[in-house]
Amino acid sequence: MDLRSFIEQEMRNIASSSSSSSAFTPKWTYDVFLSFRGEDVRKSFVDFLYSALQQKGIYTFKDDEKLERGRSISPALLQAIKESRIAVIIFSENYATSSWCLDELAEIIDCKHVLGQTVLPVFYYVDPSVVRRQKGSFDRAFVKHDEIEDKERIQKWRAALTEAASISGWDVPNTADGHESKCIQEIVEYVVAKLERVDAIEAKNQVGIDSRVQKVNALLNLGSGKVQFIGIWGMSGIGKTTIARAVFDRISTHFEGAIFLEDVRKQSESLKNLQEETLSKTICLKDLRISSVFGGSNMIRRRLCNTKVLIVLDDVDCLDQLEALAGKHDWFGAGSRIIITTKDKHLLVTHGVDEIHEVELLNQSEAIQLFSWHAFKKDYPAKGYEELSKKIVHSAGCLPLALKVLGSFLYGREMAEWRSEVERLKRIPEDEIIEKLKVSFNGLREVEKEIFLDIACFFEGKKKEYIRRVLDSFDFYPDIGIKVLIEKSLVTVFGGRILMHCLIQEMGWHIVRQKAPDEPGKHSRLWVAEEICDVLARDKATENIVGMWLDLPTPQDVVIKNEAFEKMKKLRLLKINNACVSHCPNCIPNGIRWLDWHGYPSKSLPQSFQAEKLVGLNLQYSRIIHLWKGIKSLDKLKYIDLSYSQKLIRMPDFTGIPNLERLILEGCSSLASLPSSLCRLKCLEALILSGCSKLDELPEELGHALSLKELYVDGTAISKPPSSIVHLKNLKTLSFRGCKAMASRIWRAFLPSWLLGQKSQVSTGLVFPSVSGLNSLAKLDLSDCNLSDKELPCDLGSLSSLVELNLGKNNFTSISAASIKNLSRLRILELVGCKRLEILPELPPCIEEVYADNCTSLQSATDLTKHGLLHRVSFSNCFKLLQDERTSSMIYATWNHMLKKFSLVEGGSFSICLPGGSIPSWFTYQNSGPSITIELPPNWYNNEFMGFAVCVVSDLIRTPFLLELQWRELLQKIPGFPVQFTLIDKEMNRFCYVFTMAFVGAENNIDSEHTCLGYLPFDNILDALAFTRRRNGSLLHLWPNSLRSPNDWTCIEASAQADVKECLAFKEWGISLVYENDVRQNSELLMVPQSSELGERRFSSNVIVNRLKSSRRRRGLEALPGFPSELIQIGDPSVQMPARVDAVHVFPTVATDLPSLVSDVHRVGGSIGGCDTITTRTGSCYSYYY
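Please read these numbers as outputs of a predicted model, since none were measured by experiment.

Q: Explain the overall build of the protein chain to me, please; I cannot follow it from the model alone.
A: Across its full length, the protein chain carries 35 helices and 40 strands. Scored against the burial criterion, the 1186 residues of the protein chain give a buried share of 58%. Excluding contacts between residues fewer than 6 apart, the proportion of contacts in the protein chain whose partners are at least 24 apart in sequence is 66%. Summing over all exposed atoms, the protein chain offers an accessible surface of approximately 46800 Å²; the carbon and sulfur share of this is 48%.

Rendered as structure tokens:
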């Protein structure tokens, strides 16, 4: 179904009206969509326009230039077009040569007709008539299209061009006398005005919100410098959170730090996490680890007492939460405001808030208006439905959430259905609001009701994929079932988790309890700890129970009678966590589908256990010695996790478990062997044996498990992997990290032909002629395996899919060139800690990162300048490498090579770290000490300014980075150390940007100097600024004097992040400003080393900028109207766990420019290696995590 048909179908039941408010209202995600031909304008006009739009808080979609281009428009781009209010089309000379652009244009015109999308054409040095009539370059483009495209597609393109070019827009050469900056200013001003008109109309949808926000603002008294605590009090679903969010959005710009902590009640078990989040979001204390709630409270008080903050604590239900997060007024700086929403007024009184706003129900008029928006998609009832609407509003008690649920339920239904529903509502007492929410539940099919109740009682807030997996084990068909619940406004999905409003959830609880409210043993589901403990201890269970979820926040003694589960014939889900049980019950119901018992107390499952329907078995940290004896037929079992069951000595025969997909035995330190039947599991995809320290061999026929994708045997005693492993054609990850028993016999016994490339001199039996079967392997970790020259794999070059290779902490002296250079996809090579390695092998052309830190014997390396994608190199503590004049010259030439080739790397940043002495002489600004501050010359910024060269000389004191490696997932990117760049204006307003230089360091203390050279393109800083506009959409801090141009920045400070200062002693800094003029004056790249010591090398002052001419991305920021009049904080509510303490998290700025990362943020989650951060004038900052 195409877009038009879809929308028309959605609109078919909506009464027609001339009012714009009655039309179908699409979901707008973006304010503006930019359509353009990348090769023409991406790095010029579009970049300027995009930055200008972002500076005005206009959320703009600009496609990722890394996005794979094909003949058909991508679904993601199609969705972005549909979800944009305004489409700005930049027609340029080669626009029509791209079928992708033409498809974009056709879709935009379709959205214009169907969704009412605004279309704004910009003619960038191409006459509108040429576009309208398809003449000139457009005609030539269509001549080529005619040869390969069908006529219908061609006709659609031509019609779209004609229509778009007929719309009034901007002809750049003839606008503002050809001044592009002024033309951009006109476009931005028009877009701002257009959006303001749209916002004014849409604000009407927030029924009654303005008057309520005004009341709260009056209590806040923003003009006062005092700290104020304000409470917003009312019943569930009345709109407390909505009001608090509206207030927060409107006033957060007046504060130095701001955070909205949602659903504090639901997170009361993790107050430390909330404390960490509060500090992280307000003053950018990243990677913070709070050990106790008391310590966290003290830290909030100490760190925020001088900062003006706005904190919203939403849905608080316990005094402990307030005492932990906002204990007293003197915790916060002058002018701070703390807003607390709660259902408990006494809680506010006890805590001594200054003012309390009691939220009132909507009045009759407001309630009808809100109901109508959901029931009719307009602000008044359709003709003939007026009285019915009034009756339903009355039955809903004017509760906003109930109005939304009921309105959504009745949307598009016939009059008879409405009357039927009104009659049903009459039977529900008006004072029982929760009961009214059951209307949507009653409309579900039986299986959907089961899914809803399971989510309400067990899974709310859990990851969607986990919920889907468990529900699927119940044969509930969760994909369609969850979709129905979303459509009926019963659940939502955010951040990959399924969420449910507290009222809806309470409605589900009420349904479960209603038949026997005072007898939990008769309920179908048990989730309250006290009730579960009572049922188990007193044998009160009945056959009604289908699910039990006992998840205690801390370990607690629980009594379970021997007969506790005997009556639960229908039990399909059992979850027990943190329950200290002395003995196991006599039986576990055989009908169970998902068994999750953390700390299972028995040596084995009951003898009577015959759970033929079991799908998931999770017994982490159990006392299991063996699961069961003999063979059990468990055809449906897919997942087994016995992690850290340290008494486990053997696994059962897997013959009866043919569909097992994941087997996790991590940390089972007593497990010494695996049954050979494991090899016959045709569905097994993941086998995780890390930490099974007594396990000294894998089944010989493991290679028969052809579906295996992940194999981890880290830290085991395995010394002879099975030869059949080479048949695992789908294996993607293989890790033997820390298998120190893998000495002389392992690889010879394992794969002599595969990894040695020659016949083994030690008799090993089977010999494999090739490794073609492992053509899917992408990650290989052989670090810390005591590999010497004879045992070192030398035929790795046949692993055609290998992307990341870790050979660190081994004992070889060299690596066969063929082993590495033939790896056509290898991007990351880690050799850290190979102290006997003497020669760096020849690298493949695709290599991007090389880490050879602490290779103390390394004497020579192949020519690194041949690798155009190489942008991170680190040789810390490799002093012998620089003793050879030729090798050292090549290493230093690599710096020049990076400068020459950096345009091939998104973002343009790069760095190299070496042993050495002092700052090269060509650095204009130099300083001794832990940091450097330079005064910028007047008018330092112009269109030829390119970026900053940075040099740091430091001593390695200690290096915590390697200590972190054992905790990281396999082959995550190695971190560098972050350098904070702070630009300061005359009024001491500060704008901070953090980037990293690559190096790992050494395990032991080293009292020696090292030098890191790095290049930071100014474009990256501009991209970071543009990113804030995209993510925030509004400005936060108005500066006294607007920052009109980068030339308003008068000083630069450079220093290391706080945590880095603990492991490095910074001695010298150097900074140079890089301009294109240097390139024009010097066409030759010259860098002649003067000695073997870096400190004595002197480079030409023009080296830093040589050969950058072709890669320069032109951007004249001063030409952008409305350059940010403020600096703002940036943050992402769905960030992952940081990787630093008291510092910003890092992500690879060297690999991807900042705006391009937006569309890929979920795809590249968790990678480490660089950082971009914006900091406010007070020093507080936020960063994005990937």
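Q: Please clarify how the packing of aromatic side chains should be interpreted in this entry.
A: Describing an aromatic ring pair means giving the distance of the ring centres and the angle of the ring planes. Overall, the coordinates contain 41 aromatic pairs when judged by the stated rule. The interplanar angle of 70° and the centroid separation of 5.2 Å between the aromatic rings of tyrosine 30 and phenylalanine 61 together place this pair among those described as edge-to-face. Of this pair, tyrosine 30 sits in strand S1 (residues 30-35) while phenylalanine 61 sits in strand S2 (residues 60-61), and the two are 31 residues apart along the sequence. With a relative accessible area of 13%, tyrosine 30 lands in the buried category.

Q: Even after reading the chapter, I still don't get the pairing of strand S14 (residues 547-557), so can you show me in this structure?
A: The two faces of a sheet get side chains in turn, since along a regular strand they alternate between them. One ladder, built from 2 bridges, connects strand S13 (residues 525-526) with S14; its direction is parallel. Across the sheet, the residue bridging to leucine 526 is methionine 548, located in S14. As defined by bridge partners, S14 adjoins strand S15 (residues 573-580) across 7 bridges and the pair is classed as parallel. Paired with glycine 547 across the two strands is leucine 573, which belongs to S15.

Q: Please explain the environment of glutamate 446 as it appears in this structure.
A: Turning to its location among the elements, glutamate 446 is positioned in helix H22 (residues 446-459). It is 9.9 Å that separates the C-alpha atoms of glutamate 446 and phenylalanine 476, two residues lying 30 residues apart in sequence.

Q: Teacher, can you tell me more about the sheet that holds strand S8 (residues 309-316) here?
A: Strand pairing in a sheet is mediated by backbone hydrogen bonds. Such pairs are either parallel or antiparallel. On the basis of which strands lie adjacent, the open sheet formed by 5 strands has the order S7-S8-S9-S6-S10 and parallel pairing. Both outer strands of the open sheet, strand S7 (257-261) and strand S10 (355-358), are each paired with one neighbouring strand and no more. When strand polarity is set aside, the average angle formed by the axes of neighbouring strands in this sheet is 15°. As paired strands, S7 and S8 are joined by 5 bridges and run parallel to one another.

Q: For this particular structure, what's the right way to read the state of the cysteines?
A: Here a disulfide denotes a covalent bond joining the sulfur atom of one cysteine to the sulfur atom of another. As enumerated under the stated definition, the model contains 1 disulfide in all. Disulfide pairing places cysteine 913 opposite cysteine 1012 at an S-S distance of 2.3 Å. Taking the torsion about the S-S bond as the criterion, the cysteine 913 to cysteine 1012 disulfide, at about 115°, is right-handed. Here cysteine 1012 lies in strand S36 (residues 1009-1017) and cysteine 913 lies in strand S30 (residues 910-915), a separation of 99 residues in the sequence. The class for cysteine 913 is buried, based on a relative accessible area of 1%. You can see cysteine 692 has no disulfide; the closest cysteine sulfur is in cysteine 668, sitting 5.1 Å from it.

Q: It is not clear to me how the pairing of S1 should be interpreted in this structure. Could you clarify?
A: For S1, the tally of buried residues reaches 6 of 6 residues, placing the bulk of the element in the interior. Note: S1 against strand S3 (residues 84-91), 5 bridges, orientation parallel. Residue tyrosine 30 lies in a different strand from S3, and its bridge partner there is serine 84. For S1 and S2, the ladder comprises 2 bridges, and the chain directions are parallel. The residue of S2 that forms the bridge with phenylalanine 33 is phenylalanine 61.

Q: Looking at this structure, I do not really get unusual backbone geometry. What am I missing?
A: For residues other than glycine, phi is negative in most cases, and the peptide bonds are mostly trans. Located in the positive-phi region is alanine 176, a residue other than glycine, with phi close to 55°. Note on placement: alanine 176 falls in the loop between strand S5 (170-171) and helix H9 (180-202). Its identity as a non-glycine residue notwithstanding, aspartate 315 has a phi of 60°, on the positive side. Tracing the backbone through its elements, the reader meets aspartate 315 in strand S8.

Q: Even after reading the chapter, I still don't get the sheet that holds strand S34 (residues 977-985), so can you show me in this structure?
A: What the 4 strands build is an open sheet, ordered S32-S37-S34-S35; its pairing is antiparallel. For this open sheet the edge positions go to strand S32 (931-935) and strand S35 (990-997), each flanked by a neighbour on one side alone. Between one strand axis and the next, the sheet turns through 15° on average, direction left out of account. In this sheet, strand S37 (residues 1049-1056) lies alongside S34 in antiparallel orientation, the contact comprising 7 bridges. Among the inter-strand pairings, glutamine 980 is bridged to a residue of S37, identified as serine 1055.

Q: Looking at this structure, how should I read the packing of H22 against helix H23 (residues 464-473)?
A: Two quantities define a packed helix pair, namely the angle between the axes and the distance from one axis to the other. In the contact formed by H22 and H23, the axes pass within 12 Å of each other and the chain directions differ by 125°. The angle between H22 and H23 falls in the class oblique. The hand of the H22/H23 crossing is right-handed. On the side of H22, the interface is formed by Ile451, Asp454, Ile455 and Phe459, while H23 contributes Tyr466, Ile467, Val470 and Leu471. Class assignment for the residues of the contact of H22 with H23 results in 7 nonpolar, no polar and 1 charged.

Q: I'm lost on the pattern of salt bridges in this one. Help?
A: Any two side chains of opposite charge can pair, given that their charged atoms come close. A complete count under the given rule lists 35 salt bridges for this structure. In this structure, arginine 525 and glutamate 450 form a salt bridge, with 2.6 Å as the shortest nitrogen-oxygen distance. With arginine 525 in strand S13 and glutamate 450 in helix H22, this residue pair connects regions lying 75 residues apart in the sequence. Overall, arginine 525 belongs to the buried group, its relative accessible area being 2%. Judged by its relative accessible area of 27%, glutamate 450 is partly exposed. Through salt bridges with shared partners, a single network forms among Glu450, Asp454, Arg525 and Arg572.

Q: I tried to follow helix H11 (residues 240-251) on my own but got confused; where do I start?
A: Because each turn of an α-helix spans 3.6 residues, side chains separated by three or four positions end up pointing in the same direction. The end-to-end C-alpha distance of H11 is 17 Å, a good match for the 16 Å that 12 residues give at a rise of 1.5 Å each. Here H11 has its buried residues at Lys240, Ile243, Ala244, Ala246, Val247, Phe248 and Ile251.

Q: What exactly am I supposed to notice about a negative patch on the surface here?
A: Taken together, Asp696, Glu697, Glu700 and Glu701 make up a surface patch of like negative charges. In this structure, glutamate 701 sits in the loop between strand S20 (686-688) and strand S21 (710-712). A residue is classified by how much of its surface remains accessible, and glutamate 701, at 39% relative accessible area, is partly exposed.

Q: It is not clear to me how helix H12 (residues 271-283) should be interpreted in this structure. Could you clarify?
A: Under the 1.5 Å per step criterion, the end-to-end length of H12 is 18 Å for 13 residues, consistent within 8% with the ideal 18 Å. The buried fraction of H12 amounts to 10 of the 13 residues, a majority that puts the element mostly inside the structure. What H12 keeps buried is the set Leu271, Leu274, Gln275, Glu276, Thr278, Leu279, Ser280, Lys281, Thr282 and Ile283.

Q: What am I meant to see in the environment of asparagine 94 here?
A: For asparagine 94, the location among the structural elements is in the loop between S3 and helix H5 (99-114). Residue class for asparagine 94 comes out partly exposed when judged on its relative accessible area of 24%. Considered as a pair, asparagine 94 and serine 137 are 43 residues apart in the sequence and their alpha carbons are 7.0 Å apart. Setting aside residues no more than four positions away along its own chain, asparagine 94 makes contact with Arg37, Glu39 and Asp40.

Q: Please clarify how the nonpolar core should be interpreted in this entry.
A: In summary, soluble globular proteins display a tendency toward joint burial of nonpolar side chains. Counting residues in hydrophobic clusters, the biggest one holds 122 residues, and the most contacted among them are Leu665 and Phe875. When contributions to this core are tallied by element, the ones reaching two or more residues are helix H26 (529-538), S14, S15, strand S16 (594-597), helix H30 (885-901), S30, strand S33 (945-956) and S36. Here this core spans two domains, and each of domain 5 (590-720) and domain 6 (903-962 + 972-1030 + 1046-1081) adds at least three residues to it. Ignoring sequence-local partners within four residues, the contact set of leucine 665 consists of Leu642, Ser643, Leu648, Met651, Leu671, Leu674, Ile688, Leu689, Ser690 and Cys692. If you look at the next biggest cluster of nonpolar residues, it comprises 44 residues, including Leu220, Leu310, Phe409 and Trp418.

Q: I tried to follow the side chain of glutamate 366 on my own but got confused; where do I start?
A: Looking at the element boundaries, glutamate 366 is found in helix H16 (residues 364-375). Residue contacts for glutamate 366: discarding those within four places in its chain leaves Val207, Gly208 and Arg212.

Reading the values: rules and limits
- Residues numbered from 1 in each chain as written.
- Predicted model: local features only at pLDDT ≥ 70, side-chain atom pairs only at ≥ 80, totals over all residues.
- Heavy atoms only, no water.
- Helix = DSSP H or I, 4+ residues; strand = E, 2+ residues; numbered from the N terminus.
- Buried < 20%, exposed > 50% of the residue type's maximum accessible area, 1.4 Å probe, protein only.
- Contact = heavy atoms within 4.5 Å.
- Areas by Shrake-Rupley, 256 points an atom, 1.4 Å probe, with all protein chains shown as cover.
- Phe/Tyr/Trp six-rings, centres within 6.5 Å; stacked < 30°, edge-to-face > 60°.
- Pairing = 2+ DSSP bridges.
- Axes fitted to C-alpha atoms, helices over the stretch in contact; angles between N-to-C directions.
- Disulfide = S-S within 2.5 Å.
- Parallel < 35°, antiparallel > 145°, perpendicular 65-115°, else oblique.
- Left-handed = near helix turned anticlockwise from the far one by under 90°.
- Nonpolar A, V, L, I, M, F, W, Y, C, P; charged D, E, K, R; others polar.
- Salt bridge = Lys/Arg side-chain N within 4 Å of Asp/Glu carboxyl O.
- Expected span 1.5 Å × (residues − 1).
- Patch = residues over 30% accessible without salt bridge, like charges linked within 9 Å, V, L, I, M, F, W, Y side chains within 5 Å.
- Lys, Arg positive; Asp, Glu negative; His and termini not counted.
- Charge placed at Lys NZ, Arg CZ, Asp CG, Glu CD.
- Core = buried A, V, L, I, M, F, W, Y, C linked by side-chain atoms within 4.5 Å.
- Domains from an automatic or database assignment.

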